Amino acid sequence: MKTTRTLYWMLPAVLLIAVGALFIGCESEDSPETDGLDDYFANHPYVSDPRLASTNSEITIDPSAAQVTSVGQEIIFNGRGGKGPYTWDVSKSRNGTIRSYGWSQGIYTARRIDVNDVIVYDQQGHAAIAAISAGATPTPSVTPTPTVTPTPAALAVSASPSTLSLDGSRASLTATGGSPGYSWSVQDVTLGNVNSSSGSSVGYVRNDAGDNLVTCTDSAGNTAVVVISQP
């Protein structure tokens, strides 16, 4: 009976110890983090805060400042001086992480486009800090679409009708394509002639028997010829 009563009173103490162990075991990188360097150095008393040193720190970091412009961007930092190997850390792990590379280098990877601090310290607790700022996300360049100038249709001339059997018969000549601004000429004016030397459409009159040629020239110097059949 006495043993049962003792165990009964010990039960709350056992539960308290178990709960405390649970909270201790949950501390990790995913636990709520501090907001900046002040809290970082407060939580790492064995690391000296280089901002408070009256003389130059025994360890330096290069570069001392960098900028992130995209998620996943990587920046390489080099530690120098002090006593290696170095330990690398950040003040805001939600914004980025850092991993050691050959112990004297740290590779920072951005989780967000946001500010952060990279801290490196040696075996004696001497530290150096690099500030990371957030830059604007670059706007992707857009290659302008080239303007395509349509190629004009070739100059062409048609006659309606194209055969004139009697003197005094008429035909309508029409120019299309090319560069507007047309002029007309007849090969043999004794066989027929046009009623105008310019325009996109002119009239032709047969004067005598014999096939005749009418030439149209556009403003660019292109020419087209139509044959008027005159049996």
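Everything that follows concerns the structure shown earlier in this document.
The structure displayed is predicted, hence computed values, not measured ones.

A. Broad picture of the sheet that holds strand E14 (residues 212-217). Reading across from one edge, E11-E14-E15 is the order of the three strands in this open sheet, with antiparallel pairing throughout. Each edge of the sheet is formed by a strand with only one pairing partner; in this case those strands are strand E11 (183-186) and strand E15 (223-228). Mean inter-strand twist for the sheet, computed between neighbouring axes without regard to direction, equals 20°. Both E14 and E15 contribute to a ladder of six bridges, which runs antiparallel. By the bridge assignment for E15, threonine 217 is matched with threonine 223.

B. Region of the structure containing the sheet that holds strand E5 (residues 96-101). If you walk across this open sheet you meet the four strands as E1-E3-E6-E5, and the pairing is antiparallel. The sheet is open, and its two borders are formed by strand E1 (59-62) and E5, each paired with just one other strand. Strand after strand, the sheet turns through a mean of 25° between neighbouring axes, direction not considered. Looking at chain direction, E1 and strand E3 (residues 74-81) are connected through four bridges and run antiparallel. Its bridge partner being in E3, isoleucine 61 is matched across the sheet by glycine 79.

C. Here's a closer look at the environment of serine 100. Position of serine 100 among the secondary structure elements: in strand E5. Sequence-wise, serine 100 and phenylalanine 77 are 23 residues apart; in three dimensions their C-alpha atoms are separated by 9.6 Å. Residue contacts for serine 100: discarding those within four places in its chain leaves Trp88 and Gln105.

D. Broad picture of the packing of aromatic side chains. Counted according to the given criterion, the structure contains three aromatic pairs. Where tyrosine 40 meets phenylalanine 41, the ring centres are 5.5 Å apart and the plane angle is 90°; that geometry is what we call edge-to-face. Judged by its relative accessible area of 3%, tyrosine 40 is buried. Of the residues examined, phenylalanine 41 reaches a relative accessible area of 8% and is grouped as buried. Geometrically, the ring pair formed by tyrosine 86 and tryptophan 103 is edge-to-face, given 5.0 Å between the ring centres and 70° between the ring planes. Linking tyrosine 86 in the loop between E3 and strand E4 (87-90) with tryptophan 103 in the loop between E5 and strand E6 (105-110), this pair joins segments that are 17 residues apart in sequence.

E. The arrangement of the nonpolar core in detail. Leu173, Trp184, Val194, Tyr204, Val214, Cys216 and Ile228 are the most contacted members of the largest nonpolar core, which totals 18 residues. For this core, the secondary structure elements donating two or more residues are strand E9 (156-160), strand E10 (170-176), E11, strand E13 (201-206), E14 and E15. If we ignore the near neighbours within four places in the chain, the residues touching valine 194 are Leu173, Trp184, Val186, Val202, Gly203, Tyr204 and Val214. Within the second largest apolar cluster, 17 residues are counted, among which are Val68, Ile75, Tyr108 and Ala128.

Rules of the game
- Residues numbered from 1 in each chain as written.
- Predicted model: local features only at pLDDT ≥ 70, side-chain atom pairs only at ≥ 80, totals over all residues.
- Heavy atoms only, no water.
- Pairing = 2+ DSSP bridges.
- Helix = DSSP H or I, 4+ residues; strand = E, 2+ residues; numbered from the N terminus.
- Axes fitted to C-alpha atoms, helices over the stretch in contact; angles between N-to-C directions.
- Contact = heavy atoms within 4.5 Å.
- Phe/Tyr/Trp six-rings, centres within 6.5 Å; stacked < 30°, edge-to-face > 60°.
- Buried < 20%, exposed > 50% of the residue type's maximum accessible area, 1.4 Å probe, protein only.
- Core = buried A, V, L, I, M, F, W, Y, C linked by side-chain atoms within 4.5 Å.

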